[in-house]
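Coordinates in review
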Amino acid sequence: MTSQFTWLNGALVETARATVPFLTVGLHYGVGVFEGIRAYDAEKGAAVFRLRDHLRRLHGSARILGFRELPYSVDELAAAVGETIRANGFGGCYIRPLVYLAEGGWNLTLDTGKPHVGIAVWKQTVYAGHDVGGGLKANVSSFTRSHPGANMTKAKIAGNYVNSVLAKTESQRLGFDESIMLDPEGYVAECTGANLFLVRNGRLLSPPLDAILEGITRATLITIAGDVGIAVEERRLSRDQLYVADEAMVCGTAAEVVGITEIDGRRIGDGRVGPVTARLTQAYADAVRGTYPRSDEWLEYVRPPRRA
Ligand code: PMP
């Protein structure tokens, strides 16, 4: 469902009027940074999951890209997110802040333009476009994930996502749901918009942060695994280790936690969503809905602003 209001450079405007001029450099060269955040209808009311962590990452992405300064602090953006959700009367929704280069920048530098900032919200649609409770079919992409020295893998830079679009389009045209991308050295990196975990002999394995996005869901699951006594190892994983995993799963704000039951036509484990995946899927669902012991730490409630 589309929203009625979008926040643009400090004020709410009708979403239909939240447009950018065709000659905006951010659009032409992908010069911008964004976040993908979610609010949930939690037990105690609408709440955004790890809002400040996402906004800190947005500021980090802007710094990595090279913006000298953003016009809004993390606190100001957090307030703007709350304002946008309330203005639209939403509870659970997807939240998309975007900082893009405008008012110049045509000479391919940041310093001749200015960062503009928008925040859109919409009702979350289903990840992968269909029910994924039974698990995903993935392939290893023929496209390599960016080298960490080329496109800055720790930043959610708009232009970086061309790499993801190449991979995901290829996967879906081949009949898979998701693609697993290898890093330039041939080790498992991440999916197109989500991180990856394997389970082997009861241990949770994840590629190290070397060449992947520092996913907030990934960090959440590592914390949950610690809480419930599942051992976690962050280490390099090779393509063949995918095939002999007992379980595999993707995780991300949009995907949440979803099992992978087939990779490159090979059944993972017994071909069904495994017990560790199911346990983490449930714990994450509890976390975002306010019923996990750490939920209060992670949820920022969307409450009306205090009156002065
Ligand atoms: N990797 C990539 C490339 C992504 O775009 C995302 C989505 N932001 C993730 C991983 C997962 O990150 P998060 O859990 O913070 O949503």
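Before reading further, recall that the structure is shown in the block above.
Notes on the structure in this doc start here. Computed from a predicted structure; not experimentally measured. (Residues numbered from 1 in each chain as written. Predicted model: local features only at pLDDT ≥ 70, side-chain atom pairs only at ≥ 80, totals over all residues. Heavy atoms only, no water.)

Brief notes about helix α4 (residues 161-173)
Across its 13 residues, α4 extends 18 Å between first and last C-alpha, which sits within 8% of the 18 Å expected from 1.5 Å per residue. Residues of α4 that are buried include every one of Y161, N163, S164, A167 and S171, and no others. The buried residues of α4 all sit within an arc of 140° when viewed along its axis, so they share a single face. Along α4, exposed side chains directed more than 90 degrees from the buried face belong to V162, V165 and R173. (Helix = DSSP H or I, 4+ residues; strand = E, 2+ residues; numbered from the N terminus. Expected span 1.5 Å × (residues − 1). Buried < 20%, exposed > 50% of the residue type's maximum accessible area, 1.4 Å probe, protein only. Arc of directions from axis to C-beta.)

Concerning the pattern of salt bridges
Two side chains that carry opposite charge are able to pair once their charged atoms sit near each other. Taken as a whole, this structure holds 20 salt bridges when the rule is applied. The closest approach of N and O atoms between E262 and K137, which form a salt bridge, is 3.9 Å. Residue E262 is found in strand β15 (residues 256-263), and its partner K137 is found in strand β8 (residues 136-140); the two are separated by 125 residues along the sequence. Residue classification places E262 among the partly exposed positions, given a relative accessible area of 23%. (Salt bridge = Lys/Arg side-chain N within 4 Å of Asp/Glu carboxyl O.)

A few points about the packing of aromatic side chains
All chains considered together, the criterion is met by 7 aromatic pairs. Centroid distance Y29 to W106: 6.0 Å. Interplanar angle 75°. Geometry classified as edge-to-face. Here Y29 is found in helix α1 (residues 25-29), whereas its partner W106 is found in the loop between β6 (93-102) and β7 (114-122), with 77 residues between them in sequence. For Y29, a relative accessible area of 44% translates into the label partly exposed. Three or more aromatic residues joined by ring pairs make a cluster, and in this case those are F49, Y284, Y292 and W298. One cation-aromatic arrangement involves R266 over Y243; the distance from NZ or CZ to the ring centre is 4.1 Å. (Phe/Tyr/Trp six-rings, centres within 6.5 Å; stacked < 30°, edge-to-face > 60°. Lys NZ or Arg CZ within 6 Å of the ring centre and 35° of its normal.)

Re the nonpolar core
In this structure, V48, L55, L77, I85 and I95 are the most contacted members of the largest nonpolar core, which totals 33 residues. For this core, the elements supplying multiple residues, two or more each, are β4 (37-42), β5 (45-49), α2 (51-65), α3 (74-88), β6 and β7. Here this core takes 6 residues from α3, the largest share from any one element. When residues no more than four places from it in sequence are discounted, the contact partners of I95 are E35, G36, I37, R38, A39, V48, V81, I85, I119, A120 and V121. (Core = buried A, V, L, I, M, F, W, Y, C linked by side-chain atoms within 4.5 Å. Contact = heavy atoms within 4.5 Å.)

Topic: a nonpolar patch on the surface
The grouping of V20, F22, L23, L27, Y29, W106 and L108 at the surface amounts to a nonpolar patch, some 810 Å² of accessible area in total. Take V20: it is sitting in the loop between β2 (11-14) and α1. (Patch = residues over 30% accessible without salt bridge, like charges linked within 9 Å, V, L, I, M, F, W, Y side chains within 5 Å. Areas by Shrake-Rupley, 256 points an atom, 1.4 Å probe, with all protein chains shown as cover.)

Here we look at the side chain of N139
Note on placement: N139 falls in strand β8. Given a relative accessible area of 4%, N139 falls into the buried group. Reaching out from N139, the side chain makes a polar contact with the side chain of S171 at a distance of 2.5 Å. Setting aside anything within four residues of it in sequence, one finds N139 in contact with E170, S171, L174, F176, E178, S179, I180 and D264. (Polar contact = N/O pair within 3.5 Å; in protein donor to acceptor, adjacent residues only side chain to side chain.)

Some words on the site of the ligand
Not every one of the 16 residues close to the ligand is listed here, only the nearest: K156, Y161, E190, T217 and T253. Between E190 and the ligand, the recorded distance is 2.7 Å, taken from a side-chain N or O atom to a nitrogen atom. At 2.6 Å from an oxygen atom of the ligand is found a side-chain nitrogen or oxygen belonging to T217. Relative to its unbound accessible area of 380 Å², the ligand is 96% covered by the protein chains. Residue classes in the shell around the ligand are distributed as 4 nonpolar, 8 polar and 4 charged. (Near = heavy atom within 4 Å. Nonpolar A, V, L, I, M, F, W, Y, C, P; charged D, E, K, R; others polar.)

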